[in-house]
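Descriptive analysis of the structure
Residues per chain are reported as follows:
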Amino acid sequence: MITDQDISVHNEQKFKVHSSEIQHLETKLQDKGFDVKNIISDLARFQVAIPSWALGTGGTRFGRFPGGGEPTSLEEKIADVGLLHKLNASSGAISLHIPWDIPENTNQLIALAKEHNLAFDAVNSNTFQDQPNAEVSYKFGSLCHIDPGIRKAAVDHNKEVIRIGKELDSKALTIWLADGSTFPGQHNLRGALQRTHESLASIYDDLPEDWKLLLEYKPYEPNFYSMVIPDWGTSFLLVSKLGEKARTLVDLGHHLPNTNIEQIVAVLMSESKLGGFHFNDSKYGDDDLTVGSLKPYQMFLIFNELVDGMRNTQNPEISWMIDASHNLKDPLEDLLQSVEAILIAYAQALIVDRKSLALAQEKNDVARAQEILQDAYRTDVRPLVAAARMQSGAALDPISLYRSAEVRSRLVKERGLHAVATGL
Ligand code: LRH
Ligand code: MN
Ligand code: MN
């Protein structure tokens, strides 16, 4: 849908303004001792996986309002992510959710992904919904279930997801559990945790050597009295027991209001246990809104810890992924905005004057430390992000090209107005 030719025409149109912006920024950053080329290369390398379930409009309990032209097959989902990657060169992977996605002809899917320069990121298991004709029900939990037969079914499903992931050359399994209790007394809290650990250990036994197991946590929802893995501490406890290949995944929406997420990042990285990220934004809970739409300063503070941790800890490579989906915007525009917001926060973190910050910290110069952080945050780094895209052959302004190329109406024409993606 978007060709190299479209991109070069677009970039030529935008180049004059862009080059004056980047020159201005370069002068400013050079003066502070930053090598702009290095920053641009770091940004160009950064890849964020797109979840297959974000390509359609999400919904609320009250309704879903699809905008048309949504992908209805895995092939079409891959094509959509390919389109994003063509536009921004930063979305080079797709994360599948089984059984929302059922890869049938894996060889064909691998070839198609290759055509779009995409890799298969973490595969996600689903033991939070009952599938049609399923022999067991997860109504009262999955890996924590009191019934060993149901626990085994949930474990076997995760093993099946690993098997599928291996075929696709994926390298990680992400587990999010809805397990918990809604009323006091429903669970023996220690028992539920113990059984979950045993089930996870059995899944971990099947994990290939070069894979990782990423374990999410969430304080509430769907259960409103207790979740078996409510917080980073419980996830950390479990992944520590499981072994080296198991790590905690931080989903930004899975915290109680005002939680200091950047501090969680720092603690996990100091223990080499931060495995992955699910980016989104929220005001009230797990709202799954566009990254950076509500709390861009928090995003920056998180990336500030990530950059510091990536330089100064032994934490292994982190899996980056978006986990967002809502009711109103064109999902592809929304994802372009999310990826842009992630890269902006990363760029801001890359221009923190860390030497001066360390000095200010040493002297307990609190005002200076704040000045240093906010100086980076208040710099308009968008030209750096655009430069990284252009360097990789993508568009200076992806959304404007997406709109001028009328991608959505072409997708509607091709797939139909009532094409609705499977998923959440
Ligand atoms: C539920 C959730 C979780 C998973 C996703 C599939 O909270 O958003 O974050 O990663 O569903
Ligand atoms: Mn998530
Ligand atoms: Mn969530």
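The name that an unreviewed UniProt entry assigns to the protein chain is TIM barrel protein, with the source organism given as Algoriphagus sediminis.

Residue P99 is reached from I98 by a cis peptide bond, and omega for that bond is 10°. Among the structural elements, P99 can be located in the loop between β2 (93-95) and α4 (106-115). With an omega of 5°, the peptide bond between E221 and P222 qualifies as cis. If you trace the backbone, P222 turns up in the loop between β7 (212-215) and β8 (226-227). Phi is positive for N117, which is not a glycine, with a value near 60°. Relative to the helices and strands, N117 is located in the loop between α4 and β3 (119-120). Backbone geometry at N258 places phi at a positive 70°, although glycine is not the residue there. Checked against the element boundaries, N258 lands in the loop between β9 (246-251) and α8 (261-270). Here N258 falls in the exposed class, since 7 other C-beta atoms lie within 10 Å of it.

Taken together, N124, W176, E216, K218, D251, H278, D286 and D323 make up the full set of residues near ligand 1. Partitioning the shell around ligand 1 into residue classes produces 1 nonpolar, 2 polar and 5 charged.

On to the sheet that holds β2, then. The 3 strands lie next to each other as β1-β2-β3, forming an open sheet whose pairing is parallel. The sheet is open, and its two edges are formed by β1 (50-51) and β3, each paired on a single side. Direction of pairing for β2 relative to β3: parallel, over a ladder of 2 bridges. Bridging across to β3, I94 finds its partner in F120.

In the numbering adopted here, UniProt assigns the feature "domain: Xylose isomerase-like TIM barrel" (unreviewed entry) to residues 103-288. Structurally, residues 103-288 comprises 37% helix and 15% strand, and the distance from its first C-alpha atom to its last is 26 Å.

Okay, the nonpolar core next. Residues L173, A347 and L384 are the most contacted members of the largest nonpolar core, which totals 118 residues. Looking at which element gives the most residues to this core, the answer is helix α10 (residues 331-350), with 13 residues. Excluding its chain neighbours within four sequence positions, the residues that come into contact with A347 are I39, L43, V381, L384 and V385.

Turning to the environment of P398, a few remarks are in order. In this fold, P398 is placed in helix α14 (residues 398-404). Distance in space between the C-alpha atoms of P398 and A89 is 9.9 Å, their sequence separation being 309 residues. Setting aside residues no more than four positions away along its own chain, P398 makes contact with L87, N88 and L336.

This part is about helix α2 (residues 36-45). Buried residues of α2: I39, I40 and L43, and no others. Down the axis of α2, the buried side of the element spans an arc of 95°, and every buried residue falls inside it. Turned more than 90 degrees off the buried face of α2, the exposed positions are K37, N38 and R45. Looking at the buried residues of α2, the elements they touch are α10 and α13 (382-391).

Pairing within the open sheet is parallel, and its 6 strands lie in the order β4-β5-β7-β9-β10-β11. In this open sheet, the two strands that pair with only one neighbour each are β4 (123-124) and β11 (319-322). Each of β7 and β9 touches helix α7 (residues 232-242); the most contacted strand, β9, lies at about 160° to it.

Time to look at the packing of α2 against α10. Relative to each other, α2 and α10 sit at 150°, their axes nearing to 10 Å. Crossing of α2 against α10: the hand is right-handed. Between α2, through I39, D42 and L43, and α10, the contact on the second element is made entirely by L343, Y346, A347 and L350. Counted by class, the contact of α2 with α10 contains 6 nonpolar, no polar and 1 charged residues.

Close contact between helix α5 (residues 148-167) and helix α6 (residues 189-205) brings their axes to 9 Å; oriented N to C, the two are set at 35°. Note on packing geometry: the crossing formed by α5 with α6 is right-handed. Residues R151, A154, V155, N158 and K159 of α5 form the contact with α6, whose participating residues are R195, S199, S202 and I203. Here the residues of the contact of α5 with α6 are counted per class, giving 3 nonpolar, 3 polar and 3 charged.

A word on helix α12 (residues 366-377). Given a rise of 1.5 Å per residue, 12 residues ought to cover 16 Å, and the 17 Å separating the end C-alpha atoms of α12 matches this to within 8%. Within α12, burial applies to I372, L373, A376 and Y377. Down the axis of α12, the buried set is contained in an arc of 135°. They therefore lie on one face. Seen from the open side of α12, the exposed residues pointing more than 90 degrees away from its buried face are A367, Q370 and Q374. Residues of α12 that are buried sit in contact with α9 (296-312), α10 and α11 (354-362).

So, about the environment of L256. As for its position among the elements, L256 is in the loop between β9 and α8. Along the chain, L256 and K37 lie 219 residues apart, while their C-alpha atoms are 39 Å from each other.

Calculation criteria
- Residues numbered from 1 in each chain as written.
- Chains lettered and ligands numbered in written order.
- Predicted model: local features only at pLDDT ≥ 70, side-chain atom pairs only at ≥ 80, totals over all residues.
- Helix = DSSP H or I, 4+ residues; strand = E, 2+ residues; numbered from the N terminus.
- Buried ≥ 20, exposed ≤ 12 C-beta atoms within 10 Å, placed from the backbone.
- Near = placed C-beta within 6 Å.
- Nonpolar A, V, L, I, M, F, W, Y, C, P; charged D, E, K, R; others polar.
- Pairing = 2+ DSSP bridges.
- UniProt positions renumbered as here; feature names shortened; annotations may be inferred.
- Core = buried A, V, L, I, M, F, W, Y, C linked by C-beta atoms within 7 Å.
- Contact = placed C-beta atoms within 7 Å.
- Arc of directions from axis to C-beta.
- Axes fitted to C-alpha atoms, helices over the stretch in contact; angles between N-to-C directions.
- Left-handed = near helix turned anticlockwise from the far one by under 90°.
- Expected span 1.5 Å × (residues − 1).

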